[in-house]
Every structure is written in structure tokens, then in C-alpha cells.
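Given next are the chains, with one letter for each unit.
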Amino acid sequence: MLTTLLSGDLPRSRVLAVVLLAILAGLVLAPFVFPGTRSLNVAAKVAVFVLLVASYDLLLGYTGIVSFAHTMFFGIGGYGVGIAMAKLGAGWVSLALGIALALSLSAALALAIGLLSLRVRAIFFAMITLAVASFFQILASQLSGFTGGEDGITYKLPDLLLPGTKLVEMPLLGVELNGRLASYYLVVLAALACFLALLRVVNSPFGRVLLSIRENEFRSEALGYRTVTYRTAANCIGALGATLAGVLYAIWLRYTGPDTTLSFNIMIDILLMVVIGGMGTMYGAAVGATIFVVAQNYLQDLMALASAAAKGVPLLPGLLHPDRWLLWLGVLFIVCVYYFPTGIVGKLRAK
Amino acid sequence: MAEALLALAGVNTHIGQYHILQGVDFEVPRAGLTMLLGRNGAGKTTTLRTVMGLWQASAGAIRYDGAEITRRTTPERARLGIAYVPENMGIFAGLTVRENLLLAARSGPPEDRRLEWIFRLFPAMQKFWHAHAGNLSGGQKQMLAIARAIVEPRRLLLVDEPTKGLAPSIIANMIEAFRELKRTETSLLVVEQNFHFARSVGDTVAVMDCGRIVHAGRMADLAADDSLQQKLLGLSLQAHQ
Amino acid sequence: MSHGSALPAQRLDWLPLALIPAIALAALPFIPSLPTWVTLTVAGLAMGMMIFMMAAGLTLVFGLMDIMNFAHGVFISVGAYAGTSVLLAMKPSMQADSLAANLSAIVPAVLAAMALAGFLGWFFERVVIRPVYGDHLKQILVTMGGLIVVEQLIHVVWGPDIIPLPRPATITGSFIVGDAAIERYRVLAVLVGLAVFAAMWLILNRTRLGLLIRAGVENREMVESLGYRIRSLFVGVFIAGSALAGLGGVMWALYQESVNAQIGMQMMVVLFIVLIIGGLGSVGGCFVGALLVGLMANYTGYLAPKLALGSNILLMVLVLLWRPRGLFPVGRA
């Protein structure tokens, strides 16, 4: 049963299994164990980013291509929901329509980019996606009538998902069962389902062809696999995963704007998460996203303390300033690429 | 007999996961032209590239002029007097003929006498002195590649398939050029598929198969022995033109 | 024998070059007055020249060693910040209305920018890039990591806020030619850009070093087989390219009259567009591409400010449809 669910790709490390179980349990129990708006926000963001990073891992880890357009697809999902809700009204039909449109747009764009530039070399693809993604960013900020420009859009959701909606009058274990909770579980369960689907993709024959292309493109071509087709397909699946992640995030935040979806900083975050967690492992996405999002929210508190403690020492308080947490993750990132190319998960499995 | 100019002993070369050279042993004497023959995929090009240092030998030893060079870098080997003409000729298409030759002359502009000699060997070089090498014909490119390798005197010249894709009249021209080269101090190690060319200019011969040397001896002996040719070179042998 | 037939003369591929005046002329009918057009054209050329300085090293390094340094933008930022620090420290000579006094601040600022960017380039090549030669995926990742770290270090050293940088007195203001106002600084930028291009052209085409670089771009292995250590050549080009990016950075800071830590990353997108338009590895293509991008940005910036960067991406797509490997494709497949 469990093996089927995980598509036969078990954690293969006791520590990793425990860590993954802890993440899952944390996500499922978060509303009851860590009450409070901030911690619930962190938990929902973890769920969304697990999916977002896992879909990126399909590209980077399994297919060996570097895309800088992943946040573009993330944004398409977010704006799909946002625009549909704001323009068509907060109903289930318009939500479905928004999601469907977002998914089709992403698939079409991913197909076009893939066919145009995946024939050429990895570097070219990376450069093109960077250019296209910045174009999309400009588009989103300029079509302000549609997207709300730099301010983004705030919108209502179907009643069931609104905090004001009480599902049951009685609180359970001191937690109110309201629409906020419903949308939390929608996000977590949908992200989990998509993650398992991606796990299935990479463990299918399709996924194995991707790996063999990554290992030796020339040989795979000689064996008769059309590498461009496979890579483009992977690019599309990855894009769809990112779009769904964007949809979930938009549902959770009830807000879509450039800073929460399209920003290049998020692209960098994704890279950090996938590399630190472990490229080409899928579970690495879960571990990386969890560590990163938690660090993003709580490491800074710790650094503020350290920075205060280091007062008087030249430069050190600056290096430990809470805003400089990316510095240290960047260093960790480089170290990972050199010495632990399979990241934390690879390290755990090697034991 | 004096020590050979180049001696390979048990040389192994891996390219990626493929084990191409599986213990190559042979020598290139201090004079004359050694032909390296064998069917496609036997490891001839890999042998030349390993001697030049463009692939690193994973085991075995390469001795050149009395010193081991197995771990030397490619530029160091070049500075010891080894020159290389790869199968694709490796000319710089965006540079002129003059610039190609100028670059190969490490110790300053080539001497006039040397240039005149090269122009006698390959008149096209003089004619197209200022032309871009990319615009030359296939045969002219091959001539430029060889001219570039000998623009200064070198001890050992490695040439990979100098007649590949050339018209018969140009091959005749090449044979003349190689005979002239053999009169200089330079020793040559030439990979070839064209047996007619090999027989015309080769002094000694080594035959490779499956990453090993399977025969070594005098060219004249091999040329005189049809059944040995058949056995060693089989169908890959081009017709005796 | 084919010797007898004359060789086709080396054709200069003039079509891409003609794109520059073509775009300038095509913009003319849309712009209401000739003086405005002149102003915009000079501005576009000035911007293009600065972009060229920043991009030249990137394209050469790629051509020579097949390395795409995604962190090239940090050399721009570091140059901009170093130059700004020097300029701000010499405020009195900046404000004096005398060319000599201004120069006594600008020259050290430019030298500092180039030196620091060059040093960082040397460090980067040695520590970050050297371990990942030949592995494109890791190159992209590691250089991205380097970009993050250096950008953060800039925050540590110079603080997170935008630093305003007034231009020296003698290069503020405009020349009036006919009815057109031409900013002095833009003329200076064009002159410096032309000087850099001319110097690069001379080095590449008239010196032995340039011969080696051009040969190396075509066939690295053959250059080594001829007895030259391409590594040292490459380190030199990397440092020079970083220093040029630093020069471009300080000039850009003076152009914008401010610096912020994001300029490196912002410029990277533009540089990639320029490189793709020009053909990866081609210096001439980089020059043409930079000028095209600079002109396009200024014309559309005037006509439809919202579309400025978008128009350049459109330009890139059009060029790729015309020539899939850029205006001047470089030999290596």
C-alpha cells in the first residue's frame, strides 16, 4: 500500500523516513499543534513550496536542465486564480475556470519554450528562460488593469474557504473549525497528492528515460529516444506542477502579486531549496523546502540575537544581521553543489 | 639500435566509461615514417591523442626522447617538439593562412628559408597567404594543417588520416610532400585508412585492433604479403589503387 | 587541381551591421521631432556602449572556455560601488567646475572599480568556477550561488540602501546642437565605449595575444597542441573581462546617478539578451547587439515606456527567428 503510494521509491534511509514523517505530521497537525496565524502561514507555505520545488526537481535533478522560468509558471497559477476571482466573482466555477486557463497557458508556454530552445544547449535554455521570465514580470506589472500591477490583487474565495465561515459551531481541541482551516487542508492535501503524482512520474518508464538522457544524451539519442521530446514533456509537467503550486498559494493567501509569485528572489529560493535538499531525489524537495521556509521565518530571529551578541566586533554584526540570512544559505548552496550534489537526502541515504 | 624516439608501453586510455586503449605497446624510430593502421574504432586516433596528451593515459608509460612524458600537459609535450595534425585538421577557420602559420611559430616569425620550403611543398599556401583558412578547399586545408605543424622544425609529427576525403590528384601531391618531409630530421607517425598511401610513404608499420597492437614490422613486408594484409586489415582495407 | 580557381573573398557580413541604422531610421517617423530623435539616438548609443563594456568579457569567456558565468553581474555591481565610494570620498574635486579636478576624482574611481572587479574576477575564476569546468549544470548553479553571496556581501559592506551619486560638474549638462540637447555624459559614454571597442579590436586583430584568443575561441584543443597554455590565457581574459564589467558598472552608476545592489542582476538579463542577439562568443556580435538593445530601449522607452525591456526581448525573438544562433554565430557547435 505505502509502496504503491510512493511508487516504489521509498526513502531508503531510516533518518530520512523519520524526517519525512515528521514533516508530514507537522503539516497535518499544524493547526492543532502550532496554533497561531504565523505558524499556520509557515506550514501552508511549506506545503506549497514542497510541490513547487519538487516540480523544479523534475527539471533540474531528473532532466538536467536549468530553467529560470519556474516562478513564471508559479505566477501564472497565482494570477489565474486571482484574476478569475476578482473579475468573474468568487464562485467555484470561476475558480475552476481560472485554474484551467492557467494550466493551459502554462502548458502552451512550456511547450513553446521547450521546442524553441531545448534543442540547443543547457546554457542557452537557462538564458532564454531568464529573459522570458523577466518579460512576464514586466507584463504583469504593466497590465495593471488586469493584474493590479506592483500592488497585486486581493480577492474573495468561495465562502467555504473564507475565515468567516464556521463549519461546525463547536471548536475541536480548542481550534475553531472555520473556512481558514478548510482552505489549509485543501492546500496541504492537494500539494501532497501532486507530490505523490510527481513521484510517480519520475519512477515511471518516462522518468527513467529522462535520467538516462541526463546521464548520456548522445547514447539515449542513439538508442532511439527523441531527447527533445522527452525534455519538452518534462518541461511541461514541471510547469504544470509549478502552476498548481501557484494556484494553491493564491488560494491560501487570497492575494496574488509580483512579490509572492514572480519575483526573481523566489526563483533563487527554489534553487537553494532543491540543491540543499538534494537534486534528483524528490524527497529532497520536501526536506529543502521545509528547512528553507522554516529558516526564512525563524532563523532570522536567531540571527538577530547573534548579531546583537556580536556588537562591537567589526563586520561581524553586519554578517549576522537578520537580513543577511541569504548570505549563509548561499554559502551552504555552493558547498552543496561542490561536495554534496545530492544534498541532504543523498547524505542521509549514503549512511 | 638507438633508443626509439617515442615508445608506448602498456598504455591504457579510458574515455568516459569506455576502455579504448587496452595496453598499447609500440615504438616510433628516430627516423622515417611509421604508419599506424587498423580498422575503424581500433583506437588509432585515441593513440595519437594520448601521445599528444589530449586524453590522459590511465595506465602505462609514454617515453619520448629518453624521458617519460605520460603525465605532461599537452602544451609541454608540444614544446618538447611534438606536433599534431588532427583528423578534422584543426585549422583556425577565422584566421588567415598567414595567421595560422604565425601562431604555430612559437619562437617568433618563421624564417624566410623555412617558409620558402613550405611554399615549395604546398604552393597553395603562398597563393592564399592572406585568405581566411575557412575559405580554403578541403585539400588546401589539409596542406595548411600540415604546413602549420612544420612551420618550425619539430622532432615528431603526428598526423591523423591526411588523405581523408581528398581527390586522387591531391593524394599524389600529399605523397610527394610526405616523401620530402621524410628527408628532414622529423620522424612521423601517421594514421591512415588508405593503404595505397600507406604503402607509398611508410617505412615501418603498426596495426591496431580492439585497442591493442596486433602487428608491427616493416611496411615493405606487409605490402608484399597479401594474406597478412587480409588477415590484419580485412575488409576495412581500401582497394589497392 | 582546385588551386587555380580564385578563392571567394572573405565576405563581411554586413546585414546585421545594417540593422543599427535601420532601427534608428525606422524609429524616425514615430518620433515627433528630429531633435528628440537625435537626443534619443545619442542616449541609445551611449547606453549600448556601456552595455557593451559590461558584456564583452562575458561573451569572450564563453567563447574561449565554454563557461557562462551567471554571476558576471556582480562585477558590474562591485565596480559601481567601488567607483562610487571613491567618487563620494572626493566630493570637493567632484564639485569643482574644473576638468582637471573632476578627472582627479574620476580616474582613481575608474581604476578602483576596475581593480576591485578584476580582483574579484580572479578570485571567482580560481575558487568558484575552476572546480566545475566542463559541467554546465554545475556552472550555472555555482555561479548563481556566487551571485547570491556577493550580492549579500555588498549589502554587508555598503548597506542595503540606494546610494545617490551626483555627476562631476564638468560632465553634467548638455550640448545644444541645433535644437537637440545632447547630454555631455552620454557623449563621454559613447567616446569611452568606442575607445574600449577600438582597443579590443586592435588587441584581437593586431597582436599575437589577440591571435591566440581568436584561435582559442575557435579550437581550444588545437591551441594547446601548438604549445600554448590556454589556462593562463583564459585567466587573463577572465580578469580583463571582469575589470571591463567594473568599468561599465561605474559608468552606469554615473549614468543613473545612483547605485543599488540589484544592478548586477538587473543588467544580467540585458546582457543575456545582448549575447543571444549577437551570437554567443562573438565580440563583434556583442557590440552590435549592445547598440541595438540600447537604441531599442531608448526609442520604445520614449514611445511606450512600459514596453522598454519587453521590446528588447521581442527583438531577441525576431533575431533568433532570422538567425537561430544569433547575428554572428561562432564556429563551435
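Residues numbered from 1 in each chain as written. Chains lettered and ligands numbered in written order. Predicted model: local features only at pLDDT ≥ 70, side-chain atom pairs only at ≥ 80, totals over all residues. Heavy atoms only, no water.

(A) Just the overall build of chain C, in detail. Each helix and strand in chain C was counted, giving 13 helices and four strands. In terms of overall size, chain C behaves like a compact globule, its C-alpha atoms giving a radius of gyration of 20 Å where 333 residues would be expected to give roughly 20 Å. With respect to the principal axes defined by its C-alpha atoms, chain C has extents near 70 × 50 × 35 Å. Taking all 333 residues of chain C together, 59% fall into the buried category. Across chain C, every contact between residues at least 6 apart in sequence was considered, and the portion connecting residues at least 24 apart equals 77%. Here chain C has roughly 12900 Å² of accessible surface; of this, 70% comes from carbon and sulfur atoms. Counting 18 positive and 13 negative side-chain charges, chain C places the centres of these two groups 6 Å from one another. (Helix = DSSP H or I, 4+ residues; strand = E, 2+ residues; numbered from the N terminus. Rg over C-alpha atoms; globule rule 2.2 N^0.38 Å. Buried < 20%, exposed > 50% of the residue type's maximum accessible area, 1.4 Å probe, protein only. Contact = heavy atoms within 4.5 Å. Areas by Shrake-Rupley, 256 points an atom, 1.4 Å probe, with all protein chains shown as cover. Lys, Arg positive; Asp, Glu negative; His and termini not counted. Charge placed at Lys NZ, Arg CZ, Asp CG, Glu CD.)

(B) Summary view of the sheet that holds strand S5 (residues 67-68) of chain B. Residues and elements named next belong to chain B. Sheet architecture is open: four strands sit in the order S2-S1-S4-S5, paired in antiparallel fashion. The open sheet has two edge strands, strand S2 (18-28) and S5, and neither has a second partner. Two elements, strand S1 (residues 6-15) and S2, share eight bridges in a ladder whose sense is antiparallel. In the strand pairing of S2, Leu-8 is matched with Phe-26. Packed onto the sheet, helix H1 (residues 44-52) meets S1, S2 and strand S4 (57-64) and runs at close to 110 degrees relative to S1. (Pairing = 2+ DSSP bridges. Axes fitted to C-alpha atoms, helices over the stretch in contact; angles between N-to-C directions.)

(C) How the structure looks around the side chain of A:Ser106. Residue and element names in this part refer to chain A. Mapped onto the secondary structure, Ser-106 falls in helix H5 (residues 92-117). Look at Ser-106 and you get buried, because its relative accessible area is 0%. If we ignore the near neighbours within four places in the chain, the residues touching Ser-106 are Phe-73, Ile-76, Ala-239 and Thr-243.

(D) Layout of the packing of helix H2 (residues 34-65) of chain C against helix H12 (residues 283-303) of chain C. Residues and elements named next belong to chain C. Packing of H2 against H12 leaves a shortest axis separation of 6 Å and a crossing angle of 140 degrees. For the pair H2 and H12, the crossing hand works out as right-handed. Residues that form the contact of H2 with H12 fall into these classes: 21 nonpolar, seven polar and no charged. (Left-handed = near helix turned anticlockwise from the far one by under 90°. Nonpolar A, V, L, I, M, F, W, Y, C, P; charged D, E, K, R; others polar.)

(E) View of the confidence of the model for chain C. Looking at chain C as a whole, its pLDDT mean stands at 87, while 95% of the residues score no less than 70. Throughout residues 1-10 of chain C the model reports pLDDT below 50, and contacts reaching past four residues in sequence, or to other chains, amount to 21 contacts. (pLDDT = per-residue confidence, 0-100.)

(F) The arrangement of the sheet that holds strand S6 (residues 82-85) of chain B in detail. Residues and elements named next belong to chain B. Taken together, six strands build an open sheet; the order of strands is S6-S7-S8-S3-S9-S10 and the sheet is mixed. Edge positions in the sheet fall to S6 and strand S10 (212-218), since each of these pairs with one other strand and no more. Direction aside, the axes of adjacent strands within the sheet are offset by 15 degrees on average. Together, S6 and strand S7 (156-160) form the strand contacts of helix H6 (residues 138-149), whose direction differs from that of S6 by roughly 170 degrees.

(G) Representation of helix H13 (residues 308-322) of chain C within the structure. Between the first and last C-alpha of H13(C) there are 22 Å, a value that for 15 residues agrees with the 21 Å anticipated at 1.5 Å per step. For H13(C), every residue scored as buried is listed here: C:Gly310, C:Ser311, C:Asn312, C:Ile313, C:Leu315, C:Met316, C:Val319 and C:Leu320. The inward-facing, buried residues of H13(C) contact helix H6 (122-142) of chain A together with helix H1 (14-27), helix H11 (263-278) and H12 of chain C. (Expected span 1.5 Å × (residues − 1).)

(H) Focus on helix H9 (residues 205-215) of chain A. Residues and elements named next belong to chain A. Every buried residue of H9 is listed here: Gly-207, Val-209, Leu-210 and Ile-213. Buried residues of H9, viewed axially, fall in a sector of 160 degrees; they line one side. Across from the buried face of H9, at angles greater than 90 degrees, the exposed residues are Pro-205, Arg-208 and Glu-215. As for H9, its buried residues are in contact with helix H3 (37-63), helix H8 (179-202), helix H10 (217-222) and helix H11 (227-253). (Arc of directions from axis to C-beta.)

(I) Just the interface of chain C and chain A, in detail. Contacts between the two partners involve 40 residues from chain C, matched on the other side by 38 residues from chain A. Summing the contributions of chain C and of chain A, the shared interface buries around 3400 Å²; its carbon and sulfur component is 84%. Inspection of the region where chain C meets chain A yields two residue pairs in polar contact (both at pLDDT 80 or more). Elements with a contribution of two residues or more to the side of chain C that touches chain A: helix H5 (99-129), helix H6 (136-158), H11 and H13 of chain C. Top element by residues in the side of chain C that touches chain A is H6(C). It accounts for 16 residues. Grouping the amino acids of the side of chain C that touches chain A by side-chain chemistry returns 30 nonpolar, seven polar and three charged. (Buried area = accessible area lost by both parts, 1.4 Å probe. Polar contact = N/O pair within 3.5 Å; in protein donor to acceptor, adjacent residues only side chain to side chain.)

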